[in-house]
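For reference, the chains in residue letters:
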Protein chains: 2
Amino acid sequence: MGDVFKALADPTRRAILDELTDRDGQTLFEICARLAAKHGLGSSRQAISQHLDVLAAAGLLQARREGRYKFHHIDTTPLEPIVERWLRKGSK
Amino acid sequence: MGDVFKALADPTRRAILDELTDRDGQTLFEICARLAAKHGLGSSRQAISQHLDVLAAAGLLQARREGRYKFHHIDTTPLEPIVERWLRKGSK
DNA sequence: TTGACAGGCAAGCGTCCGCTTGCATAACGT
DNA sequence: ACGTTATGCAAGCGGACGCTTGCCTGTCAA
């Protein structure tokens, strides 16, 4: 559960989620190209790959293999309960 | 803005927010005692103090001086826009 | 005024994190 | 078959992070 917060702590990983929100199901190279173009991030391929592993371990990402391509999809399910945890004050 | 995510990345800081949600306006020593009792965390006073600094820098905390006491209050304002960022897909 | 209480400042240390580097694997085109 | 494309694995490095340690400031009670 705490993996979700650690995954969101890095700005590059948040940019990846932004990119996948704009266009879901991208491959690793597509993400690299669009991160460099849109967000001005000069991260290498291996760096992005490791970020994708972290996001997948947190349950925020789901990978789909197809031939030599691997498409990545967001899963926003773990995001919903993490904020309402502190927003409701009349719980006690 | 990214400070909010980095602040939430640490489990001790999340426990502090839990404690302040349950009982707002506690002092440093109160937080230390209740963290040790409820959450089983054996963190020292200085460690908690530094965590409070991080939370305050992220805008999640607001301090109020009164004599030799310093009461800490949550501010959940920065929490609201951070999740809807990825939840809405029909924004493009 | 003296002592205890609540908190602050800053240096040092060990660990984790993000990134690079180098090589390996697997699928496709020709 | 061969080279290219898309991705995987693992060791190593530098910096940031969380925590400790030690000392200092300010406030209240007796």
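Reading guide: rules and limits
- Residues numbered from 1 in each chain as written.
- Chains lettered and ligands numbered in written order.
- Predicted model: local features only at pLDDT ≥ 70, side-chain atom pairs only at ≥ 80, totals over all residues.
- Heavy atoms only, no water.
- Pairing = 2+ DSSP bridges.
- Helix = DSSP H or I, 4+ residues; strand = E, 2+ residues; numbered from the N terminus.
- Expected span 1.5 Å × (residues − 1).
- Buried < 20%, exposed > 50% of the residue type's maximum accessible area, 1.4 Å probe, protein only.
- Polar contact = N/O pair within 3.5 Å; in protein donor to acceptor, adjacent residues only side chain to side chain.
- Near = heavy atom within 4 Å.
- Nonpolar A, V, L, I, M, F, W, Y, C, P; charged D, E, K, R; others polar.
- Least-squares fit on C-alpha atoms with pLDDT ≥ 70 in both.
- Contact = heavy atoms within 4.5 Å.

Looking at the pairing of strand β1 (residues 61–66) of chain B
Residues and elements named next belong to chain B.
- Bridge count between β1 and strand β2 (residues 69–74): six bridges; the pairing is antiparallel. Bridge pairing links glutamine 62 to histidine 73 in β2.
- Hairpin connection, β1 to β2: the antiparallel pair is bridged by two residues, and glycine 67 has positive phi, about 65°.

Let's talk about helix α2 (residues 11–22) of chain A
Residue and element names in this part refer to chain A.
- Spanning 12 residues, α2 covers 17 Å between terminal C-alpha atoms, matching the ideal 16 Å at 1.5 Å per step.
- Counting buried positions along α2 gives nine out of 12 residues, so the element sits mostly inside the fold.
- All of the buried residues in α2 are Thr12, Arg13, Arg14, Ala15, Ile16, Leu17, Glu19, Leu20 and Thr21.
- Capping the start of α2, aspartate 10 holds a side-chain oxygen 2.9 Å from the backbone nitrogen of threonine 12, two or three residues further along.

Details of the protein's contact with DNA strand C
- Near DNA strand C you find 22 residues, and of these Arg13, Ser44, Gln50 and His51 of chain A together with Lys70 of chain B are the closest.
- Restricting the count to atoms of DNA strand C within 4 Å of the protein gives a sugar and phosphate share of 65%.
- Note that a phosphate oxygen of DNA strand C is positioned 2.5 Å from one of the side-chain N or O atoms of arginine 13 of chain A.
- Glutamine 50 of chain A places a side-chain nitrogen or oxygen 3.0 Å from a base oxygen of DNA strand C.
- Elements supplying a minimum of two residues to the surface near DNA strand C: α2 and α4 (45–57) of chain A together with α3 (28–38), α4 (45–57) and β2 of chain B.
- Of the residues in the surface near DNA strand C, the class split is four nonpolar, 10 polar and eight charged.

Quick word on the relation of the copies chain A and chain B
- Relative to chain B, chain A is turned by 180° and slid 0.0 Å along the rotation axis, the superposed coordinates differing by an RMSD of 0.0 Å. The symmetry that links the two subunits is that of a two-fold axis. Considering only C-alpha atoms, the part of chain A nearest the rotation axis is alanine 9 of chain A, at 3.1 Å.
- Interface overlap between copies is the fraction of interface residues in one copy that are interface residues in the other; for chain A against chain B it reaches 100%, indicating a shared surface.

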